Amino acid sequence: MTNDPEASIDVILQTAADVDLETRRICLITHIKFRNTSAQPVSLSHILLTLSPSQFAVVSGKIVAPQHALVFGLHKKGNQQTGWKFDRDDWFSNGRKNGEYRIEPVQPLLLPPRIWSDIRDIHIECDIDHLITPLHIHAYVCAGGKQFPAANPSSISFRAAVHP
């Protein structure tokens, strides 16, 4: 990734929560939207999704493991595969251990100026009973040799009502 001193990217998280009291699970459906605000196209390196605490969260959605990237789960545009993949084979255990999920485009992605792009339907699930402290979600778009944080990181907490 070459350093582009002029690169500038807007990043926004959109998150909705689905709380299932019967199964005692919370599912966050997250979209990461990003836009190149510089005058020239910028090459996207990867997106970094961070969770804290991470040991009880499960990440899934329209992102595939790297070994499956060219086999299934992706869209096809002409003769090219498009979509998103995790950057390492042990993405699940690594993400649970350090809270970082590095997501890459399957094919190189050049971000044109002023056009919004996104990665949609990232599911973050957590057992309510393990959510003792708030779950913090942040995203960074890494492009042009820089890391651009989301303007609005998200947090969710859940406390059960205590009856006397």
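Right above here is the structure, for reference.
If you're wondering where the values come from, they're calculated on a predicted model, not measured in any experiment.

1. Focus: helix α1 (residues 91-98)
Stage number 1. Of the positions making up α1, those classed as buried are Trp91, Asn94 and Gly95. For α1, the angular spread of buried residues about the axis comes to 100 degrees, placing them on one side.
Stage number 2. Residues of α1 that are buried in the fold lie against β4 (57-61), β8 (84-86) and β9 (100-105).
Stage number 3. Trailing α1 by a residue or two, Gly99 shows a phi angle of about 80 degrees, which is positive.

2. Some details on the nonpolar core
Stage number 1. Counting residues in hydrophobic clusters, the biggest one holds 37 residues, and the most contacted among them are Ile32, Phe34, Ile47, Leu49, Ile103, Ile122 and Ile124.
Stage number 2. Of all the elements in the fold, those that place two or more residues in this core are β1 (9-20), β2 (25-36), β3 (42-52), β4, β8, β9, β11 (116-127) and β12 (135-143).

3. Quick word on the pairing of β9
Stage number 1. Pairing of β3 with β9, which is carried by 4 bridges, proceeds in the antiparallel orientation. The residue bridging Leu48 from the neighbouring strand is Arg102, located in β9.
Stage number 2. For β8 and β9, the ladder comprises 3 bridges, and the chain directions are antiparallel. Across the sheet, the residue bridging to Trp84 is Pro105, located in β9.

4. Points about the sheet that holds β4
Stage number 1. Taking strand neighbours across the sheet as the criterion, the 4 strands line up as β1-β2-β11-β4 in an open arrangement whose pairing is antiparallel. Of all the strands in the sheet, the pair left with one neighbour each is β1 and β4. Between one strand axis and the next, the sheet turns through 25 degrees on average, direction left out of account.
Stage number 2. When β1 meets β2, the two strands line up antiparallel, connected through 12 bridges. In the sheet register, Thr15 faces β2, and the bridge partner there is Thr30.

The rules behind the values
Residues numbered from 1 in each chain as written. Predicted model: local features only at pLDDT ≥ 70, side-chain atom pairs only at ≥ 80, totals over all residues. Heavy atoms only, no water. Buried < 20%, exposed > 50% of the residue type's maximum accessible area, 1.4 Å probe, protein only. Helix = DSSP H or I, 4+ residues; strand = E, 2+ residues; numbered from the N terminus. Arc of directions from axis to C-beta. Contact = heavy atoms within 4.5 Å. Core = buried A, V, L, I, M, F, W, Y, C linked by side-chain atoms within 4.5 Å. Pairing = 2+ DSSP bridges. Axes fitted to C-alpha atoms, helices over the stretch in contact; angles between N-to-C directions.

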